[in-house]
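Coordinate analysis (summary)
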Amino acid sequence: RPRPGLARFRGCLAGALLGDCLGAVFEGRSVVKLPELLSFLKGLEPAPPEEGGEAAGSARGESLPYTDDTAMSRSVVQSLLAKQEFDEVDMAKRFAEEYKKEPNRGYGMAVVNVFKKLLSPKCSDVFEPARAQFNGKGSYGNGGAMRVAGIPLVYSDIQDVKKFAKLSAELTHANSLGYNGAILQALAVHLALQEGLSRETFLEQLISHMEHVEADDKSLSDARALGFEDLPFSRRLKKIKEFLELSSVPKADVLFELGNGIAALRSVPTAIYSFLRCMDADPDIPEHYNALQRTIIYCISLGGDTDTIATMAGAIAGAYYGEEQVPPSWEQSCEAFQETQRMAKSLYELYCQRL
Ligand code: F2R
Ligand code: MG
Ligand code: MG
Ligand code: MG
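Residues numbered from 1 in each chain as written. Chains lettered and ligands numbered in written order. Predicted model: local features only at pLDDT ≥ 70, side-chain atom pairs only at ≥ 80, totals over all residues. Heavy atoms only, no water.

The coordination sphere of the magnesium ion (ligand 4) contains the protein donors E27 (OE), D305 (OD), D307 (OD) and T308 (OG1), at a distance range of 2.0 to 2.4 Å. Taken together, the six donor atoms coordinating the magnesium ion (ligand 4) and their angles of 77 to 176° define a geometry best described as octahedral. Each donor residue of the magnesium ion (ligand 4) belongs to the same chain, and together they define the spacing E-x277-D-x1-D-T. In this structure, the magnesium ion (ligand 4) lies 3.7 Å away from the magnesium ion (ligand 2), the two metals sharing D307 as a donor. With E27 in the loop between α1 (6-24) and α2 (34-42) and D305 in the loop between α15 (291-301) and α16 (306-321), the pair connects residues that are 278 residues apart, well separated along the chain. A residue is classified by how much of its surface remains accessible, and E27, at 39% relative accessible area, is partly exposed. (Donors = N, O, S within 2.8 Å, 3.2 Å for Na, K, Ca; no water. Tetrahedral: all angles 85-135°; square planar, octahedral: opposite > 155°, others 65-115°. Helix = DSSP H or I, 4+ residues; strand = E, 2+ residues; numbered from the N terminus. Buried < 20%, exposed > 50% of the residue type's maximum accessible area, 1.4 Å probe, protein only.)

What follows is the structure in C-alpha cells.
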C-alpha cells in the first residue's frame, strides 16, 4: 500500500482546526440557519481588490480563536512529538498544564475536575481521576474523540491506532461510550489517510472494527447501564449506511438517529455521516465550495455541538482530500494555523520514521 503523503497530514490538522474555529462561532445553537452561516463564511473571503489599491487580505482583522477541542488536540500532538510515542504521564501533564494556562477555552463542565486532580502532586495514577468521574461511571462526553487525530497520524498499524486512541481517551473518559467514540474517530482518520478507499469500503471497515471493539464486557455493561442496546456505535454506523442509500435525508432524521450532542455517541457517528454524505454535492450548499468545505458547512448547519462535530469531520475530510481542499482564506482566519502546519510536518516525519 502506498504511504500517505504530507498533504494528507496537513489536510487533517488544518481540517480539524477549521472545524473547531468556524464551528465554535455557532456552538450550542439548536438551529443554525444556512443563509446566516453562508454569509458568515463569505466574510472570511478576501475582499475584492480596491481600485488602484493592493489586493486585500482576509476580510477579518483578528483570527477566530480555537477552543478546548484544538487545545487538547495540540497537547496530544505535542506529547507524541516530544516522546516519539504515546506516553500517558506526559500527555496527562500537558492536558492539565494547558488547562491551567488557558482555562477559558470552553472545556466540558466535568472534565475540569480531572485536570485539577492531575495537577495535584498527590496524583500517582494518571488514569484514576477519569475513573472517578460521574460516581465511578466515567465520562461519555466527546472530549476523547475530538482530540484524537494525532494518534493515527503517528501510528500506521491499526491495532496501535485502537490501543493508543483508547489510552489517550481514558486519561479523561473512562466510560466505554466515551473512549469507544475516540477509537471510532481514530479509525476514521486512519482509513481516510489510505489512498482511494470507496465510501462503501470505508464504512464496511469501520463497522467490522467497531463490532469487535464494542463486544467486550465493559462496553456491553456500560451501554446496558445507560439504557442503550448492545453495540451502539456499530448500530449507528449501519444507520449511516441506510441513510447513504437514500438520495437525501431530512435534517430532523439525522438529528433523531445520530444526534448533534456532547456525548460521543451523539456526535462521532454524525461527523462520519457528514463526511460521507458530503462526498456528493448538496443542493443547499453552493457548488463553488469543495467537498471539505461542504463537510464543515453541513456539520455546522446541524447545530448543537458544532465545533466538535465539525472538527472531527474536518480531520477525516482533511486526511481524505488533503491540503489542496483547504482554502487559504479559511485557514488564515484561524488562530495558530501556521503552527498547525509545522506540527503536521513533524507528525509526517515521525509516521514515516516509524514505518
Ligand atoms: N463544553 C463545551 N461546550 C459548552 C459550552 C462552552 C461554550 N464556550 C459556552 O460557554 O457557551 N464544549 C466542549 O465540551 C465538549 C467536550 O466535553 P468533554 O471533554 O467530553 O467533557 P465532560 O465534562 O467529560 O463531558 C461533557 C458533558 O457530558 C455529560 N456527561 C458525560 N458523561 C456523563 C455521565 N457519565 N453521566 C452524565 N452526564 C455525563 C456532562 O454534561 C458533561 O459535562 C465539546 O463539545 C467541547 O467543544
Ligand atoms: Mg470546544
Ligand atoms: Mg510508556
Ligand atoms: Mg464542542
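Continuing now.
Attention shifts here to the nonpolar core. Ranked by internal contacts, the top residues of the largest apolar core, which has 116 residues, are L22, F202 and I272. Among the elements that make up this core, the one with the highest residue count is helix α9 (residues 176-193) (12 residues). Apart from the residues within four sequence positions on either side, L22 is in contact with F40, L41, L44, L64, I296, I300 and W330. (Core = buried A, V, L, I, M, F, W, Y, C linked by side-chain atoms within 4.5 Å. Contact = heavy atoms within 4.5 Å.)

This paragraph deals with the layout of surface pockets. To find leftover empty space, a probe the size of one water molecule is rolled over the atoms. Volume-wise, the largest pocket comes out at about 450 Å³. In terms of lining residues, the largest pocket is bounded by 27 residues, among which G108, M109, S139, G141 and I262 are the most central. Contributions of two or more residues to the lining of the largest pocket are made by α3 (68-83), α7 (143-146) and α16. Examining the composition of the lining of the largest pocket, we find that three residues originate from one element, α3, more than from any other. What lines the second largest pocket is a set of 17 residues, among which V249, D282, P283, D284 and Y298 lie closest to the centre. (1 Å grid on protein atoms, 1.4 Å probe; cavity = no way out; pocket = protein on both sides within 12 Å on 5 of 7 lines; lining within 4 Å. Points joined across faces, edges and corners; volume = space filled by probe spheres on them.)

Considering every residue of the chain, the mean pLDDT works out to 96; 97% of them sit at 70 or more. If you check the scores for this complex, the pTM reads 0.97 and the ipTM reads 0.95. (pLDDT = per-residue confidence, 0-100.)

This paragraph deals with unusual backbone geometry. When glycine is set aside, most residues are seen to have a negative phi, and most peptide bonds are trans. Although it is not a glycine, N135 sits at a positive phi angle of roughly 55°. One non-glycine residue, A336, adopts positive backbone phi at about 60°. Assignment of secondary structure puts A336 in the loop between α17 (328-331) and α18 (337-354).

We now examine empty space enclosed by the protein. The tally for this structure, following the rule as stated, stands at two cavities of 30 Å³ or more. Empty space within the largest cavity amounts to approximately 160 Å³. Lining the largest cavity we find 15 residues, and of these L13, A16, T70, S73 and R74 sit closest to its centre. Element by element, the count of residues in the lining of the largest cavity is highest for α3, at five residues. Tallied by class, residues from the lining of the largest cavity come to seven nonpolar, five polar and three charged. There is about 30 Å³ of room inside the second largest cavity. In terms of lining, the second largest cavity is formed by S176, L177, N180, E214, S219, A223, P232 and F233. Of all the secondary-structure elements, those providing two or more residues to the lining of the second largest cavity are α9, α11 (217-225) and α12 (232-245). (Nonpolar A, V, L, I, M, F, W, Y, C, P; charged D, E, K, R; others polar.)

Here the focus is the site of ligand 1. Taken together, 22 residues lie around ligand 1, and D69, A110, S139, H173 and D305 are the ones closest in. Within the backbone of G138, a nitrogen or oxygen atom sits 3.0 Å from a nitrogen atom of ligand 1. Contact distances for ligand 1 include 2.9 Å between a nitrogen atom and a backbone N or O atom of Y140. Across the complex, the protein chains shield 70% of the 930 Å² of accessible surface that ligand 1 would expose by itself. Using a 2 Å cut-off from the grid points, one finds that ligand 1 occupies the largest pocket. Of all the secondary structure elements, the ones that give two or more residues to the shell around ligand 1 are α3, α7 and α16. When the residues that make up the shell around ligand 1 are grouped by side-chain class, the tally is eight nonpolar, nine polar and five charged. (Near = heavy atom within 4 Å. Polar contact = N/O pair within 3.5 Å; in protein donor to acceptor, adjacent residues only side chain to side chain. Areas by Shrake-Rupley, 256 points an atom, 1.4 Å probe, with all protein chains shown as cover. Sits in = over half its atoms within 2 Å of the grid points.)

Running from amino to carboxyl end, α3 crosses helix α4 (residues 88-101) at an angle of 140°, the nearest separation of the two axes being 9 Å. Judged by the inter-axis angle, α3 sits oblique to α4. Where α3 crosses over α4, the handedness of that crossing is right-handed. Contacts between α3 and α4 involve A71, M72, S75, V76, Q78, S79, L80, A82 and K83 from the first element and D90, M91, R94, F95 and E98 from the second. Classifying every residue of the contact of α3 with α4 gives seven nonpolar, three polar and four charged. (Axes fitted to C-alpha atoms, helices over the stretch in contact; angles between N-to-C directions. Parallel < 35°, antiparallel > 145°, perpendicular 65-115°, else oblique. Left-handed = near helix turned anticlockwise from the far one by under 90°.)

With that settled, consider the packing of aromatic side chains. What the rule picks out here adds up to 15 aromatic pairs. Aromatic side chains F86 and F164 sit 5.6 Å apart centroid to centroid with 35° between the ring planes, which places their arrangement in the tilted category. Pair noted here: F86 is in the loop between α3 and α4 and F164 is in helix α8 (residues 158-170), with a separation of 78 residues, a long-range link. Comparing F86 with F164 shows no difference in burial state: the two are buried. Geometrically, the ring pair formed by Y155 and F164 is stacked, given 4.5 Å between the ring centres and 25° between the ring planes. For Y155, a relative accessible area of 4% puts it in the buried group. The buried category is assigned to F164, whose relative accessible area is 11%. (Phe/Tyr/Trp six-rings, centres within 6.5 Å; stacked < 30°, edge-to-face > 60°.)

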